[in-house]
Amino acid sequence: MERNCTISLDASDKDGETSWEIRRTNTLENDLVGGLMNDLTDPDILSPEDTILVYLNTLKNMSAEELGNYLNADSIISTEDPAKISLAEALVKQVHSTFDYSIGETTVSGYTATVTANITTFDSDAILENYQKELDSYLASVDAVIDGAQKRYEKSYSLLLEYIEENTATKTVETTFTLINDGASWKLEDAGTVFGQALFGTLSSSPVEDKQETNG
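Residues take numbers from 1 onward in each chain, read along the sequence in its written order. Under the rules for a predicted model, residues below a pLDDT of 70 receive no local features and side-chain atom pairs below 80 are neither given nor counted, while totals for whole chains, interfaces and linings still include all residues. The basis for every side-chain value is the complete set of heavy atoms in the structure, and neither hydrogens nor water enter the calculation.

Enquirer: Explain the overall build of the protein here, please?
Expert: For the purposes of this entry, the term helix denotes a DSSP run of H or I that reaches at least four residues, the term strand denotes a run of E that reaches at least two, and both are numbered from the N terminus. Within the protein, the secondary structure is distributed over nine helices and six strands. Out of the 216 residues belonging to the protein, those deemed buried represent 33%. Note on definitions: a residue-residue contact is assigned when non-hydrogen atoms from the two residues lie within 4.5 Å. Within the protein, residue pairs in contact and separated by at least 24 positions form 71% of the contacts whose partners lie at least 6 positions apart. Note on areas: Shrake-Rupley with a 1.4 Å probe; residue coverage comes only from the protein chains shown. Per element, the accessible surface of the protein, about 13,400 Å² overall, is 47% carbon and sulfur. Here's how the labels work: a residue is buried when its accessible area is under 20% of the maximum for its type, exposed when over 50%, partly exposed in between, all with a 1.4 Å probe on protein chains only.

Enquirer: How should I be thinking about the packing of aromatic side chains in this particular structure?
Expert: Describing an aromatic ring pair means giving the distance of the ring centres and the angle of the ring planes. Ring pairs are drawn from Phe, Tyr and Trp, using the six-membered ring of Trp, whenever the two centres fall within 6.5 Å, and their geometry is named by plane angle: stacked under 30 degrees, edge-to-face over 60, tilted for the rest. Inspection of the entire model under this criterion finds five aromatic pairs. Taking 5.8 Å as the distance between ring centres and 45° as the angle between the ring planes, the aromatic pair formed by Y55 and F195 counts as tilted. With Y55 in helix 3 (residues 48-60) and F195 in helix 9 (residues 191-200), the pair connects residues that are 140 residues apart, well separated along the chain. Overall, Y55 belongs to the partly exposed group, its relative accessible area being 22%. Members of the aromatic cluster, connected to one another through ring pairs, are Y55, F177 and F195. By definition here, charges over rings are those cases where NZ of Lys or CZ of Arg is within 6 Å of the ring centre and within 35 degrees of the ring normal. One Lys or Arg, K155, reaches over the ring of Y138 and ends 5.6 Å from the middle of that ring.

Enquirer: Just to check I follow, could you spell out the sheet that holds strand 4 (residues 112-122) for this structure?
Expert: Strand pairing in a sheet is mediated by backbone hydrogen bonds. Such pairs are either parallel or antiparallel. Across the sheet, which stays open at both edges, the four strands sit in the order 3-4-5-6 with antiparallel pairing between neighbours. A single partner strand is all that each edge strand has here, and the edge strands are strand 3 (100-109) and strand 6 (186-187). Here strand 4 runs beside strand 5 (residues 170-181); their pairing, made up of eleven bridges, is antiparallel. Its bridge partner being in strand 5, T121 is matched across the sheet by K171. Axis geometry follows a simple rule: fit a line to the C-alpha atoms, using only the stretch in contact for helices, then measure angles between N-to-C directions, giving values from 0 to 180 degrees. Its contacts with the sheet place helix 6 (residues 82-98) against strand 3, strand 4 and strand 5, and it is angled at close to 100° to strand 4. Together, strand 4 and strand 5 form the strand contacts of helix 9, whose direction differs from that of strand 4 by roughly 40°. Paired strands, in this sense, are two strands between which DSSP finds at least two bridges.

Enquirer: Please clarify how helix 6 should be interpreted in this entry.
Expert: Structural remark: α-helix, 3.6 residues per turn; residues separated by three or four positions point the same way. Multiplying one less than the number of residues by 1.5 Å gives the expected span of a helix. Here helix 6 spans 25 Å end to end across 17 residues, near enough to the 24 Å set by a 1.5 Å rise per residue. K84, L87, A88, A90, L91, V92, Q94, V95 and T98 are the residues of helix 6 that are buried.

Enquirer: Could you clarify how one ought to interpret the pairing of strand 2 (residues 17-22) in this entry?
Expert: Consecutive residues of a regular strand have side chains that alternate between opposite faces of the sheet. With respect to burial, strand 2 is a largely exposed element, only zero of its six residues being buried. Between strand 1 (residues 9-14) and strand 2, which follow one another and run antiparallel, lie two residues, and D15 among them has a positive phi close to 55°.

Enquirer: Can you walk me through the packing of helix 3 against helix 9 in this structure?
Expert: Each pair of packed helices can be described by the angle between their axes along with the distance between the axes. Running from amino to carboxyl end, helix 3 crosses helix 9 at an angle of 65°, the nearest separation of the two axes being 12 Å. Here helix 3 runs over helix 9; the crossing is right-handed. On the side of helix 3, the interface is formed by Y55, L56 and L59, while helix 9 contributes A191, F195 and L199. Here is the rule for handedness: rotate from the far helix to the near one, and if that takes an anticlockwise turn smaller than a right angle the crossing is left-handed, while a clockwise turn gives right-handed.

Enquirer: Sorry, what's going on with the environment of I7 here?
Expert: Following the sequence through the fold, I7 ends up in the segment before strand 1. What makes I7 partly exposed here is its relative accessible area of 47%. Once residues lying within four places of it in the same chain are set aside, the contact partners of I7 are I22 and L28.

Below you can see the structure in the form of structure tokens.
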């Protein structure tokens, strides 16, 4: 491209000779790179919709391991109990195999914007419904009484893990994302938590009680 530029020079005398030096200015630097410097400092260089698309495209192309790290899946369940870690890994695999999206409406009001997106992920409600039915049946049985508290605890996690791993049901939910423009760009604050809740649904926390009864 061609641009009309104004170049200012400063004169200096040394040993009786005059030399000229181009004056370095922000305007000149911007002209030399075709206006790119101004573009890069534009807080709206990426619209709120484009910003959310960057997040979603990145999540879509992550490996299961990268996805788990970004969503901090271990902390959603726990990092102390091996059974809970297995649940976290199974949930991440579910997200990785089912995640999809489409962008809806964008609303901008000053430095705040909201973007709606239809997020497709595994159906956590279906998993919990099937899990709860079988758990209730087990807890009402003689075996549950004989097993004792610790085995009932382990059985609860075993059942939940089984239903997560075998799940094939998906659901699409409209999710609203709020972005703030800090004068440099649009940002989705606490993005890992926001996407974690959208993708894990009702399984953002474990339905199995951490503390088990000590009697029995």
